[in-house]
Amino acid sequence: MLAAPTGAGKTALVRELDPSRFEILSFDSRQIYKELSIGTAAPTPEDVQRIPHHLVSLLSPAESVHAGMYTRLAEEAIDGVISRGRIPVLTAGTGFYLNAFLFGMFPVPTISEQIKQKVESLSMEERIEELKRLDPKALEKIFPNDNYRYGRALEVNLMGTVWSELKLEEGGGAVSSRNLKILGAYFLDLDRKELYSRIDARAKQMIEAGMAEEARRVAKEYGEDCPGLQSLGYNFALENIKGTSNLETFFGNLSQSHRNYAKRQITWFRKQKFLEPIHPKEAYDKIKKI
């Protein structure tokens, strides 16, 4: 199991594992979308050909994804990997989904139709303002611009349950239901200066590879408000393609948003006691020896 903040290099690391022994299960709420490979830094076709990756480029940008759906897809994928006699390597940028799969779902209340309609009528900015009032800690746990997750958190709060205080149900998840044995659980803990340098390089690479044009194509096909384009940084890509920002501003905003997100990921992963902080090279050596 390998968790890492954005830009830390987990995709490059698992690419080198022995494909006759390992297959990859990706827990990334953005890389699951098709047609958005540039801005989500999804594994390349060459990566996937080198070693099987699951839960990558699977859903249309028009589809919403949530922890329950992701867990069901992950259960199907891991059963297939095990049936082939391979070792599943779980890679995670979205720790919330990883924990839900491993240890169980959060017990959320049933949402009334009235609350659903009320939240559905709100813009993303209005949902954020309501969450600031009702449950400000929720905003620390939600992926930036994830309008669907803002809505889900707000629905729970309006039903009288504080979303940010929900706890995982004991005894749930694949560790229990599939009797999984975790052979190693690592968090790629890079020096902050090195990580930020990698993030800057990745942002530059995304722009040069055509992230703005990718955003334009998807917006034309599915609409600017489609779930896929709520992924980190696509709002800046759309601004650029519309001519409301230049390349310098696009790069600055994209890089800074990824840095901010990486900080939040690091904080979250460091709180997970089952994850061992480790340097990428040491993690690779440990995983390949399993």
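Everything quoted here is computed from the prediction, not taken from an experiment.

Please clarify how the side chain of Asn157 should be interpreted in this entry.
Take Asn157: it is sitting in helix H8 (residues 147–158). Discounting chain neighbours no more than four positions away, the residues touching Asn157 are Leu131, Leu134, Asp135, Val162 and Trp163.

I'm lost on the sheet that holds strand E3 (residues 53–54) in this one. Help?
Either a parallel or an antiparallel arrangement is found when strands of a sheet pair, and the pairing is made through backbone hydrogen bonds. Taken together, six strands build an open sheet; the order of strands is E3-E2-E4-E1-E5-E6 and the sheet is parallel. Because the sheet does not close on itself, it has two edges, and the strands there are E3 and strand E6 (276–278). Bridge count for strand E2 (residues 22–27) against E3 is two bridges, and the pairing is parallel. Following the sheet pairing, Leu25 is matched in E3 by His54. Along the sheet, helix H4 (residues 95–103) contacts E2 and strand E4 (87–92); its crossing angle with E4, the most-contacted strand, is approximately 140°. Packing against the sheet, helix H14 (residues 280–288) makes contact with strand E1 (2–3), E2, E4, strand E5 (186–188) and E6, and its axis sits at approximately 120° to E6.

Sorry if this is basic, but what is going on with the pattern of salt bridges here?
This structure, assessed with the given rule, holds 16 salt bridges. With a shortest N-O distance of 2.6 Å, Lys204 and Glu208 are connected by a salt bridge. Taken together, the residues span about one helical turn, with Lys204 and Glu208 both in helix H10 (residues 192–209) at a distance of four residues. Lys204 sits in the partly exposed class, given a relative accessible area of 46%. Of the charged contacts in the structure, one is a salt bridge between Lys286 and Glu276, with a shortest N-O distance of 3.4 Å. One end of the pair, Lys286, is in helix H14; the other, Glu276, is in strand E6, and 10 residues separate them in sequence. Given a relative accessible area of 33%, Lys286 falls into the partly exposed group. For Glu276, a relative accessible area of 33% gives the class partly exposed. Here the residues in one salt-bridge network are Glu23, Arg84 and Arg86, joined through shared partners.

What should I look at first to understand empty space enclosed by the protein in this one?
Vacant regions in the atomic arrangement are exposed by a probe of water-molecule size rolled over the atoms. Enumeration over the complete set of coordinates arrives at two cavities of 30 Å³ or more. What lines the largest cavity is a set of 25 residues, and nearest its centre among them are Thr6, Asp28, Gln31, Thr40 and Arg202. Of all the elements in the fold, those that place two or more residues in the lining of the largest cavity are helix H1 (10–15), H10 and helix H13 (247–270). Broken down by element, the residue count for the lining of the largest cavity peaks at three residues, all from H13.

Thresholds applied
Residues numbered from 1 in each chain as written. Predicted model: local features only at pLDDT ≥ 70, side-chain atom pairs only at ≥ 80, totals over all residues. Heavy atoms only, no water. Helix = DSSP H or I, 4+ residues; strand = E, 2+ residues; numbered from the N terminus. Contact = heavy atoms within 4.5 Å. Pairing = 2+ DSSP bridges. Axes fitted to C-alpha atoms, helices over the stretch in contact; angles between N-to-C directions. Salt bridge = Lys/Arg side-chain N within 4 Å of Asp/Glu carboxyl O. Buried < 20%, exposed > 50% of the residue type's maximum accessible area, 1.4 Å probe, protein only. 1 Å grid on protein atoms, 1.4 Å probe; cavity = no way out; pocket = protein on both sides within 12 Å on 5 of 7 lines; lining within 4 Å. Points joined across faces, edges and corners; volume = space filled by probe spheres on them.

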